[in-house]
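# Observations on the three-dimensional arrangement
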Amino acid sequence: MIAIVDYGAGNIHSIAKALEHVGGEVCVTDEAAVVSRARAVVLPGVGSGGSAMKRMRERGLDDAIREATRVGKPFLGICLGMQLLSEHHDEGETAGLGLFPGEVRRIPHGPKIPHMGWNQVQPLREDLPIFAGIPNEAYFYFAHSYYVEPRDQAGVAGVTEYGSPYCSVIVTEQVWGTQFHPEKSGAIGLRMLQNFVDWTERA
């Protein structure tokens, strides 16, 4: 079972339906105990970094997520969910989950802020399972005003150009993160979610 963490943000049901479409068994939950029992965890993302972390701390979801990744359960963070992997989020001046070394900053410049719409992702390592079956420089759907600024490049798996290049995909042994919304990215996004379901089945 894949636990989709509900911390009061929107877009929960679209990611649930997309994962079910590619064969995932999902449960939307705001209970830490359910996250602890799950085989894999998805942290979706719409909303403010500060309010999201406050809600998760109140429910014990932050510690449940950290423990899940510590024991090797597959984890996928989407948009704000990817940003919350970092150590600090400027929006709300809040500590993140601390699963990825870096800070979350407001996009300093670009054609338009927020960055909304289709844009390309350039994989830095095409052999990674997250990119299986996905063409180089494929388009995905973005909607965000903040981005992850890594402390080092370890784990940065893909970049996107928007005024300047920034980290749009994170892959480590414990976590995957996408700044874009795969559930809103058509067939290519569904393929990426299929790759995540495949990871959960191998774990």
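The structure presented is a predicted model; accordingly, all values stated were derived computationally and were not measured.

## Structural notes on the nonpolar core
Nonpolar side chains tend to gather and get buried jointly when the protein is soluble and globular. Core analysis: the biggest nonpolar cluster contains 36 residues, and L19, V42 and F196 have the highest contact counts within it. Put simply, the parts of the chain that give this core at least two residues each are β1 (2-5), α1 (12-21), β3 (40-43), β4 (75-78), β10 (139-144), β12 (156-162), β13 (164-171) and α6 (186-202). If near-sequence neighbours (up to four positions away) are discounted, F196 is found in contact with I2, L19, A40, V41, V42, P74, F75, L76 and W176.

## Quick notes on the pairing of strand β7 (residues 102-106)
In this sheet, β7 lies alongside strand β5 (residues 88-89) in parallel orientation, the contact comprising 2 bridges. Within β7, the residue paired with H88 across the bridge is E103. Where β7 meets strand β11 (residues 146-150), 5 bridges bridge the pair, whose relative direction is antiparallel. Of the residues in β11, the one forming a bridge with E103 is E149.

## A word on the side chain of Q83
As for its position among the elements, Q83 is in helix α5 (residues 80-83). Given a relative accessible area of 4%, Q83 falls into the buried group. At 3.1 Å, the side chain of Q83 forms a polar contact with the side chain of Q179. Setting aside residues up to four positions removed in sequence, Q83 forms contacts with H89, V104, H144, Y146, Y147, V148 and Q179.

## Some points on helix α4 (residues 61-70)
Given 3.6 residues to a turn, an α-helix orients residues that are three or four positions apart in the same direction. Listed in full, the buried residues belonging to α4 are L61, D62, A64, I65, A68 and T69. One side of α4 carries all its buried residues, which in axial view fall inside an arc of 165°. Packing partners of the buried residues in α4 comprise β1, α2 (32-37), β3, α3 (49-59), β4 and β14 (175-178). Of the residues flanking the end of α4, it is G72, one or two places downstream, whose phi is positive at about 95°.

## Concerning the packing of aromatic side chains
Under the defined criterion, the tally for this structure stands at 7 aromatic pairs. Here the aromatic rings of F142 and F180 are separated by 5.6 Å at their centres, their planes lie at 70°, and the arrangement is edge-to-face. Within this pair, whereas F142 is found in strand β10, its partner F180 is found in the loop between β14 and α6, the two being separated by 38 residues in sequence. On the basis of relative accessible area, F180 is assigned to the buried category, the value being 0%. Between F196 and W199, the aromatic rings sit 5.9 Å apart at their centres with planes inclined by 80°, giving edge-to-face as the arrangement. Highlighted residues: F196 and W199, both in helix α6, separated by 3 residues, approximately one helical turn. W199 carries the same exposure label as F196, and that label is buried. Each residue in the set F140, F142 and F180 is aromatic and connected to the rest through ring pairs, giving one cluster.

## Points about the pattern of salt bridges
Applying the stated criterion to the full structure yields 10 salt bridges. Residues R66 and D62 are paired through a salt bridge, measuring 3.4 Å at the closest nitrogen-oxygen approach. Of the two residues, R66 and D62 both sit in helix α4, 4 residues apart, roughly one turn of that helix. Residue classification places R66 among the partly exposed residues on the basis of a relative accessible area of 27%. Here the residues in one salt-bridge network are D30, R55 and R59, joined through shared partners.

Cut-offs and rules
Residues numbered from 1 in each chain as written. Predicted model: local features only at pLDDT ≥ 70, side-chain atom pairs only at ≥ 80, totals over all residues. Heavy atoms only, no water. Core = buried A, V, L, I, M, F, W, Y, C linked by side-chain atoms within 4.5 Å. Buried < 20%, exposed > 50% of the residue type's maximum accessible area, 1.4 Å probe, protein only. Helix = DSSP H or I, 4+ residues; strand = E, 2+ residues; numbered from the N terminus. Contact = heavy atoms within 4.5 Å. Pairing = 2+ DSSP bridges. Polar contact = N/O pair within 3.5 Å; in protein donor to acceptor, adjacent residues only side chain to side chain. Arc of directions from axis to C-beta. Phe/Tyr/Trp six-rings, centres within 6.5 Å; stacked < 30°, edge-to-face > 60°. Salt bridge = Lys/Arg side-chain N within 4 Å of Asp/Glu carboxyl O.

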